[in-house]
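# Descriptive analysis of the structure
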Amino acid sequence: MRHSRARRYEAELLACRADSVAVDMNDYHPLKPIMVTESRTRRGGRRGSTSSTTSSSSSSSAAADPLSCLLDGTDPLSMFAAASTDTPTLTHSASAGELGRRRRDREVCEECVGSDFEPWASKRADILARFTTTEKLSINLFMGDKAKASSPSSAVSEKVRTRLEELDDLEEGSQRELLNLSQQDYVNRIEELNQSLKEAWGSDQKVKALKIVIQCSKLLSDTAVIHFYPSKFVLITDILDTFGRLVYERIWTMCSDPQPLPEGFSPEDVNDTAKETCLNWFFKIASIRELIPRLYVEAAILKCNKFLSRSGIQETLPRLTAMIRGIGDPLVAVYARAYLCRMGMEVAPHLKDCLNKNFFDLLASFRQLHGDSVQKQLQQQRVEIPAYLTLYSPAIHWILQCVSYRAPEALLTEMMERCKKLGNNALLLNSVMWAFRAEFIATRATDFITMIKQCDETGFPKHLLFGSLGRSLASADPAEAERLSILNDAWKVITKIRSPQDYINCAEIWVEFTCRHFTKREVNAVLSDIIKHMTPDRAFEDAYPQLQSVIRKILTYFHDFSILFSMERFLPFLDMFQKDSVRVEVCRSIMEVFIKHQQEPTRDPVILNALMHVCKTMHDSVNSLTLEDEKRSLALLINGFIRLVSFGRDFEQQLSFCVEARATFCNLEPVIIQLIHTVNQLAMETRRVMKGNHSRKTAAFVRACAAYCFITVPSLTSIFSRLHLYLLSGQVALANQCLSQADAFLKAAVSVLPEVPRSISVEGKQRSTESLLLDFINNFMATLLVVPDHPEQGVLYLVRGLLNMVQDYTWEENSNAKVRVYCSAIPLLAAMSQETYLYSIPKVDSNETLYGGDPKFIAEVNKLCDTLIGQVLDHLKALGNGESLRKQSALAFSLFSILLAHGDLRNNKLNQLAVNLWNLSHKHGHCDTRTSVRTLEHIKNLQQQPELTHLSDIIPRLSLQSRA
């Protein structure tokens, strides 16, 4: 007797297809039914009224769009547009004032510094890190406020006199000198003073705040520890910036009553009280006796001149510039000019004359560098001239950056002429190349090289000048005819540098110019020279950052790895990276570029050998302490390389590569998985080429591929990776008619199933494996449909082995996973009893052909089905208590659905069982009523088919019961 009903799969498929409807494309658009209403304000109408003036719907009866309904027919953008048109018209006087204010705002914007100007804040950290000292420092700390309380009735003149006396107190000894401070202690003290300034200001002790600023400004006249002066300048000017901002905001607040000032305000907009307060601040500062604090503090509040007069800043800048000429120490003077230029660029960048005057004054003071006072100071502090000149670099760079900002090219010509008049001063020339636009420098590269050659090398080494020139040429291109001579002239100087550190600092800059404009021949020569200089005494160990930069620049310009690895010195250059972490980082950067830019798979032996070495370096860095994220990252790069290796039709060579890669990358499981996928893909590609008709040679090859996978999969630690790869490899073997190999893979998968743990760790959390295992078993059973039985094994031996494993597996407590597998196996057995299977593999005879519908085979299938249904019914009985009724209902309905779809309900026993399962699922009201109704409708549709008319007898016996 046959338990499963006969299926006609093709007819069922046709019946399930949706009916096609002819569509007139001229009148069709998927968005046509949606009505969009544009909201507009009618002129003269009441505010907020709208009219529907446009619509994409051709009919008002079109279906309403739910979003349009929600918005009452108006979309948000149309509402904003309507609101903007409702703005009332300005009166003539108001509009004229508004236009004037806008014009002033536009003028202010034109005077502002653009985003292409590098701000001082970006240089601050570099200066603090570069200019350090181990010597002891001293600082004068303000000890207290000796201010005398003045009565409210005192006269204004008395207040002024008191304030001046307070300032005199500061200069006459109300301070204490702290000695023997380390650099960090000094920085901490300065930070404390900055905080004290804010606290004094917040507690309305303005005079105390001014005293702190004056005291800090005085520190800028001290060059006792000359190495630290640039960093001291940065720290002190932070305090000055804070003070200037507090004063400006204070006066701005006084002007903001009743409404705040616009950004482009004029002095006429400032009230008298604010002007008086502003003048009072300038008078206080003018009373400071010493030049340096008076200069710095007035520069700090330079912006406040905007409250007093239109020409205040324009008049003040030249005066302050002239004051700096009174500073005798050239180092102190150059930083004072740098601060003044910084303030000038913030408040009036259009006043270029003042910036230029500062620079020309700087040029005039260069002769002081070789004066007796400077030489005596350097001798006392044991500072060499080259080290002393580098202290000027931040200030001169900044001044020249301000001068050269958006300056015409003619200004560079003038600067070069002045440099020549000064005997090609190296310090100045270096700053000029730093400051001006790279395009301007590149067009005059030959002239700069000539000037560099004529410089005196005793004070400022020429290699630093060539480094500055190289930075400009890396960003802008000189004339093509000059490029080779420029490189030759520069490298003649670079290669003579004795210090390995100085050499690599300069060579690293010029590598980019070489890669940008020349071929592998010149780049190879540069690499050879670097190796020659950095190998003795293992000098490369102190230059890893620069060497990494060289690699990055080469990879930026050379994306063709056949050219890259044909350079004789490239791999020896990589050998200099002998520190493990650095070497791996370099290899990682090489692989990232290769994966990103390699468009086509490669078989070039030069590339493959080199990249195998690179990937092996990354793989060998993995150890027991390596983080999982690091392993995953390295495996991703190696897998990218493997996917880009292809030997075309030479499949045997491809398999040999995979064998070698398996031995090389055995510690990275994702790489092993990728190799297994690659070999399986290779077998399927062989099948495609042979169109499924294997020759003796190709048949042996695909069996070799299967053998590769069979011996590789057990090395994986991930249990589910092993299961899925066993199944996949079995499917590939079956597709290539390797039946014994397919059997071996599937039996191996079944044997591994008992090892599946009940939970696994996923991202640090324990996760149940039940759902993963069920998914795999369902996929496995779908494959078993087309797997023919082994002639020496029993009928359905793989199905029986799988079900036995499911029976013996230790499932979670109170889990119905086992019976879910049984329920999934029933449709498989029903499909196996069909005369024609739902799907098959070409050139592989499944059981439908082997048994040909033999009654003994059908009897075995029916017997196994009876056993499975019996197991499910036993489980349903066990779920009879109150807590499991919902599970019982779901399981009963699931089994009913299986019997309906696959069982032959003309069989009285199955017929009655189906009705009983329906009633059981509805007995306690846990079944979804909507699902039940739809199921009944489906049965009524099925009974209309000629071979399913017997279902009409079942329908009256299937009743819907309400929830208890």
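Here's a quick rundown of the structure. (Residues numbered from 1 in each chain as written. Predicted model: local features only at pLDDT ≥ 70, side-chain atom pairs only at ≥ 80, totals over all residues. Heavy atoms only, no water.)

It is worth spelling out the overall build of the chain at this point. When helices and strands are counted, the chain shows 44 helices and four strands. Counting the 964 residues in the chain, one finds 48% classified as buried. Taking as baseline every contact in the chain between residues at least 6 positions apart, the subset at least 24 positions apart corresponds to 73%. (Helix = DSSP H or I, 4+ residues; strand = E, 2+ residues; numbered from the N terminus. Buried < 20%, exposed > 50% of the residue type's maximum accessible area, 1.4 Å probe, protein only. Contact = heavy atoms within 4.5 Å.)

Moving on to the pairing of strand S4 (residues 765-768). The pairing of strand S3 (residues 759-762) with S4 spans four bridges and is classified as antiparallel. Bridging from a neighbouring strand, Ile760 pairs with Arg767 of S4. Hairpin geometry of S3 and S4 is characterised by an intervening segment of two residues between the two adjacent antiparallel strands and by a positive phi of about 55° at Glu763. (Pairing = 2+ DSSP bridges.)

With that settled, consider the nonpolar core. Counting 308 residues, the largest nonpolar core has Tyr388, Trp510, Ile530 and Phe641 as its most contacted members. If you tally residues by element for this core, the top one is helix H9 (residues 229-255), at 14 residues. The residues contacting Tyr388, other than those within four sequence positions of it, are Ile226, Pro330, Leu331, Leu369, Val374, Leu378 and Val383. (Core = buried A, V, L, I, M, F, W, Y, C linked by side-chain atoms within 4.5 Å.)

Moving on: unusual backbone geometry. Even without glycine at this site, Asp537 takes up a positive phi of about 55°. With respect to the helices and strands, the residue Asp537 is situated in the loop between helix H25 (520-534) and helix H26 (544-557).

The end-to-end C-alpha distance of helix H10 (residues 272-286) is 21 Å, a good match for the 21 Å that 15 residues give at a rise of 1.5 Å each. What H10 keeps buried is the set Ala274, Thr277, Cys278, Trp281, Phe282, Lys284 and Ile285. The buried residues of H10 occupy an angular sector of 160° when the element is viewed end-on, so they sit on one face. Facing away from the buried side of H10 by over 90 degrees, the exposed positions are Asp272, Glu276, Phe283 and Ala286. (Expected span 1.5 Å × (residues − 1). Arc of directions from axis to C-beta.)

It is worth spelling out the pattern of salt bridges at this point. Side chains that differ in charge, positive against negative, can pair when their charged atoms come close. Applying the stated criterion to the full structure yields 29 salt bridges. Note that Glu522 is salt-bridged to Arg521, the shortest N-O span being 3.4 Å. Exposure remark for Glu522: the relative accessible area of 19% places this residue in the buried category. With a relative accessible area of 64%, Arg521 lands in the exposed category. The partner of Arg538 in a salt bridge is Glu541, with the nearest N and O atoms 2.6 Å apart. Through salt bridges with shared partners, a single network forms among Asp241, Arg342 and Glu346. (Salt bridge = Lys/Arg side-chain N within 4 Å of Asp/Glu carboxyl O.)

Tallying each qualifying case throughout the model produces 38 aromatic pairs. Between Tyr851 and Phe857, the aromatic rings sit 4.3 Å apart at their centres with planes inclined by 10°, giving stacked as the arrangement. Note on Tyr851: relative accessible area 24%, which makes it partly exposed. Among the aromatic residues, those joined into a cluster by ring pairs are Phe117, Trp120, Tyr229, Phe233, Tyr296, Tyr335, Tyr339, Trp398 and Tyr405. Here the basic side chain of Lys206 rests over the ring of Trp201, its NZ or CZ set 4.9 Å away from the ring centre. A cation over an aromatic ring shows up here: Lys303 above the ring of Tyr248, its NZ or CZ 4.5 Å from the ring centre. (Phe/Tyr/Trp six-rings, centres within 6.5 Å; stacked < 30°, edge-to-face > 60°. Lys NZ or Arg CZ within 6 Å of the ring centre and 35° of its normal.)

Position of Cys823 relative to the elements: it lies in helix H39 (residues 817-832). A sequence separation of 49 residues divides Cys823 from Val872, and the C-alpha atoms of the two residues are 7.6 Å apart. If we ignore the near neighbours within four places in the chain, the residues touching Cys823 are Val872, Leu891 and Ile898.

Moving on to the environment of Gly467. By the element assignment, Gly467 lies in helix H22 (residues 462-475). Classification of Gly467 as buried rests on a relative accessible area of 4%. Residues Gly467 and Ala490 lie 23 residues apart in sequence; the distance between their C-alpha atoms is 9.1 Å. Apart from the residues within four sequence positions on either side, Gly467 is in contact with Cys506, Ile509 and Trp510.

How two helices pack is summed up by the angle between their axes together with the distance between the axes. Running from N to C, helix H35 (residues 719-735) and helix H37 (residues 770-784) cross one another at 10°; their axes reach a closest spacing of 11 Å. Judged by the inter-axis angle, H35 sits roughly parallel to H37. Across from Phe720, Leu723, His724, Leu727 and Gln731 in H35, the residues of H37 making contact are Leu772, Leu773, Phe776, Asn779, Phe780 and Thr783. Partitioning the contact of H35 with H37 into residue classes produces seven nonpolar, four polar and no charged. (Axes fitted to C-alpha atoms, helices over the stretch in contact; angles between N-to-C directions. Parallel < 35°, antiparallel > 145°, perpendicular 65-115°, else oblique. Nonpolar A, V, L, I, M, F, W, Y, C, P; charged D, E, K, R; others polar.)

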